[in-house]
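# Commentary on secondary and tertiary structure
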Amino acid sequence: MSAFLYLTLLLVFTACMVLCDWRWRLAFFRSARRSAAVIAVTLTVFLAWDALGIATGTFHKGGSPYMTGLDLAPHMPVEEPVFLFFLCYLTLNLTSAVGLRLGAPVPDRRCDA
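Attention in this report is confined to the structure presented alongside it. (Residues numbered from 1 in each chain as written. Predicted model: local features only at pLDDT ≥ 70, side-chain atom pairs only at ≥ 80, totals over all residues. Heavy atoms only, no water.)

### Points about the overall build of the protein
What counts is decided by this rule: Only DSSP runs of H or I with at least four residues qualify as helices, and only runs of E with at least two residues qualify as strands; both kinds are numbered from the N terminus onward. The rule is simple: take the accessible area with a 1.4 Å probe, protein chains only, and divide by the maximum for that residue type; under 20% is buried, over 50% is exposed, in between is partly exposed. Reported accessibility uses the Shrake-Rupley method at a 1.4 Å probe radius. Residues are deemed covered only where the shown protein chains occlude them.
Along the backbone of the protein there are three helices and two strands. Seen along its three principal axes, the alpha-carbon backbone of the protein occupies a region of about 45 × 35 × 25 Å. Residue burial in the protein is summarised as follows: out of 113 residues, 27% are buried. About 7400 Å² of surface is accessible on the protein, with carbon and sulfur atoms providing 73% of the total.

### Regarding the side chain of Thr 14
As a reminder of what qualifies: We call two residues in contact when some of their heavy atoms are within 4.5 Å.
For Thr 14, the position within the fold is in helix H1 (residues 5-24). Residues within four places of Thr 14 in sequence aside, it is in contact with Phe 85, Phe 86 and Tyr 89.

### Considerations on the pattern of salt bridges
Using the following cut-off: The salt bridge criterion pairs a side-chain nitrogen of Lys or Arg with a carboxyl oxygen of Asp or Glu, the two atoms within 4 Å.
With the rule as written, the count across this model stands at one salt bridge. Between Asp 71 and Lys 61 there is a salt bridge, with the nearest N and O atoms lying 2.9 Å from each other. Pair noted here: Asp 71 is in strand E1 (residues 71-73) and Lys 61 is in the loop between helix H2 (32-55) and E1, with a separation of ten residues, a long-range link. Judged by relative accessible area, Asp 71 falls into the partly exposed class, the value being 38%. Residue Lys 61 is classed as partly exposed on the basis of its relative accessible area of 30%.

### Here we look at the environment of Met 76
By the element assignment, Met 76 lies in strand E2 (residues 76-77). A sequence separation of 17 residues divides Met 76 from Phe 59, and the C-alpha atoms of the two residues are 9.2 Å apart. In this structure Met 76 touches Leu 47, Asp 50, Ile 54 and Asp 71, once residues within four positions along its chain are discounted.

### Notes on the state of the cysteines
Selection rule: Throughout, disulfides are identified as pairs of cysteine sulfur atoms within 2.5 Å of each other.
In the structure shown here, the tally under the stated rule is zero disulfides. Residue Cys 16 stays outside any disulfide, its sulfur separated by 7.0 Å from that of Cys 20, the closest cysteine. The class of Cys 16 is partly exposed, set by a relative accessible area of 39%. Cys 20 provides the cysteine sulfur closest to Cys 88, a residue in no disulfide bond, and the two sulfurs are 17 Å apart. The exposure class assigned to Cys 88 is buried, which follows from its relative accessible area of 8%.

Any link to function would need more than the numbers given here.
Spelled out as structure tokens, the structure:
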């Protein structure tokens, strides 16, 4: 079980972000299409950044008993895209929450798919 601990925690924390998003209509529950586009672009940039770092030898996978050991590519553990998605989603939720708290005009498009 410890081999899946990191991935499990990432998924649990992502589920908590979904609950926050649902409760306060922060990102996907406010505008699903726009949020998906933002996540897709930022996730693509971060994965390209990782690929460049791996190709130049700057990034390498460290050993941890809490990771699955499954790789999508050399030095690219399966947990990496999940972590990057969580990071992007967290940032999107936080910036939306701050904007709403400060009274910034945010379009309300609950009906878009």
